[in-house]
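# A structural walkthrough
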Amino acid sequence: KMRKNQHHTIFESGYDYFIGILDHMYNKYGVDMGNMLQNKGLVYFNNRWCWAIEMDNTCFKIESYTVKEENMTPMSIAKNHHISEYMIRELNGFIMGTSVLVPGTDIKKPNDYARKMNLLIDRDLLIPCLIETYDNHGLFERYEISNVMLNPKYTKFDFCFD
């Protein structure tokens, strides 16, 4: 029920997941990733000045993949390859759930998380405030992040065991 019409579980929300995807792409493409990125300058978004960064991944493609191990799911394949589980499900007509794939099964999967990304990076906080990802058909995901408080101070009264 939590995943209905959603691309991610709560475990893929937040900055760590997204940073992991970018880190993987940087490790995969090295200095060539610099050729994929373009600084579009400063834009004003949600009352904040942001750097507009565009990533054009011409290496993006949909490829065939043969399931090799027992107990593999679209989620485990996505995590192993740093790609979108939702895109795997969409490409193969899989329904949501924890469908285990039989070794030897051929599926389609993207080779990277996105064909294109548009990022707005808050100039002062240096964190994303907008993330748009595209596949071969157009806009795939769009996330706006606002009212972020970095390193908030909590007291013992902020949480209880009720």
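What this report covers is the structure whose coordinates are included nearby. (Residues numbered from 1 in each chain as written. Predicted model: local features only at pLDDT ≥ 70, side-chain atom pairs only at ≥ 80, totals over all residues. Heavy atoms only, no water.)

### Section: the sheet that holds strand 5 (residues 116-122)
Sheet architecture is open: five strands sit in the order 1-2-5-6-7, paired in antiparallel fashion. Each end of this open sheet is capped by a strand with a single partner; those strands are strand 1 (37-45) and strand 7 (138-144). Pairwise comparison of adjacent strand axes, ignoring direction, gives a mean angle of 15° for this sheet. As paired elements, strand 6 (residues 128-135) and strand 7 share six bridges and run antiparallel to each other. Its bridge partner lying in strand 7, L130 is registered against E144. Against the sheet, helix 1 (residues 15-29) touches strand 2 (48-56), strand 5 and strand 6, its axis set at about 125° to strand 5. (Pairing = 2+ DSSP bridges. Helix = DSSP H or I, 4+ residues; strand = E, 2+ residues; numbered from the N terminus. Axes fitted to C-alpha atoms, helices over the stretch in contact; angles between N-to-C directions. Contact = heavy atoms within 4.5 Å.)

### Looking at the nonpolar core
In terms of nonpolar packing, the biggest core is built from 13 residues, with M33, M55 and M117 touching the most fellow members. When contributions to this core are tallied by element, the ones reaching two or more residues are helix 1, helix 2 (32-36) and strand 5. Top element by residues in this core is helix 1. It accounts for four residues. Judged by nonpolar contacts, the second largest core, of nine residues, contains A78, I83, I88 and I107. (Core = buried A, V, L, I, M, F, W, Y, C linked by side-chain atoms within 4.5 Å. Buried < 20%, exposed > 50% of the residue type's maximum accessible area, 1.4 Å probe, protein only.)

### Overview of the layout of surface pockets
Quantified by volume, the second largest pocket comes out at close to 170 Å³. Together, 13 residues line the second largest pocket, and R48, D122, I145, S146 and N147 are the ones closest to its centre. When grouped by side-chain class, the residues that make up the lining of the second largest pocket number eight nonpolar, three polar and two charged. (1 Å grid on protein atoms, 1.4 Å probe; cavity = no way out; pocket = protein on both sides within 12 Å on 5 of 7 lines; lining within 4 Å. Points joined across faces, edges and corners; volume = space filled by probe spheres on them. Nonpolar A, V, L, I, M, F, W, Y, C, P; charged D, E, K, R; others polar.)

### Remarks on the state of the cysteines
One pass over the structure, following the stated rule, counts zero disulfides. Free cysteine: C129, not disulfide-bonded; nearest cysteine sulfur from C50 at 3.1 Å. A relative accessible area of 7% places C129 in the buried class. (Disulfide = S-S within 2.5 Å.)

### Some words on the side chain of D122
Examined against the element boundaries, D122 turns out to sit in strand 5. Of the polar contacts made by the side chain of D122, one reaches the backbone nitrogen of D124; its length is 2.8 Å. Apart from the residues within four sequence positions on either side, D122 is in contact with R48, W49, C50, I127 and C129. (Polar contact = N/O pair within 3.5 Å; in protein donor to acceptor, adjacent residues only side chain to side chain.)

### With respect to unusual backbone geometry
As a rule of thumb, non-glycine residues mostly have phi less than zero, and peptide bonds are mostly trans rather than cis. Residue N46 is not a glycine yet carries a positive backbone phi of 50°. With respect to the secondary-structure elements, N46 resides in the loop between strand 1 and strand 2. Using a relative accessible area of 41% as the deciding quantity, one classes N46 as partly exposed. One non-glycine residue, N147, adopts positive backbone phi at about 55°. Along the chain, N147 turns up in the segment after strand 7.

### Some remarks on a nonpolar patch on the surface
Together, L42, Y44, W49 and W51 give the surface a local cluster of nonpolar side chains, amounting to about 410 Å² of exposed area. Going through the elements one at a time, strand 1 and strand 2 are the ones with two or more residues in the nonpolar patch. Within the element layout of this structure, W51 appears in strand 2. (Patch = residues over 30% accessible without salt bridge, like charges linked within 9 Å, V, L, I, M, F, W, Y side chains within 5 Å. Areas by Shrake-Rupley, 256 points an atom, 1.4 Å probe, with all protein chains shown as cover. Salt bridge = Lys/Arg side-chain N within 4 Å of Asp/Glu carboxyl O.)

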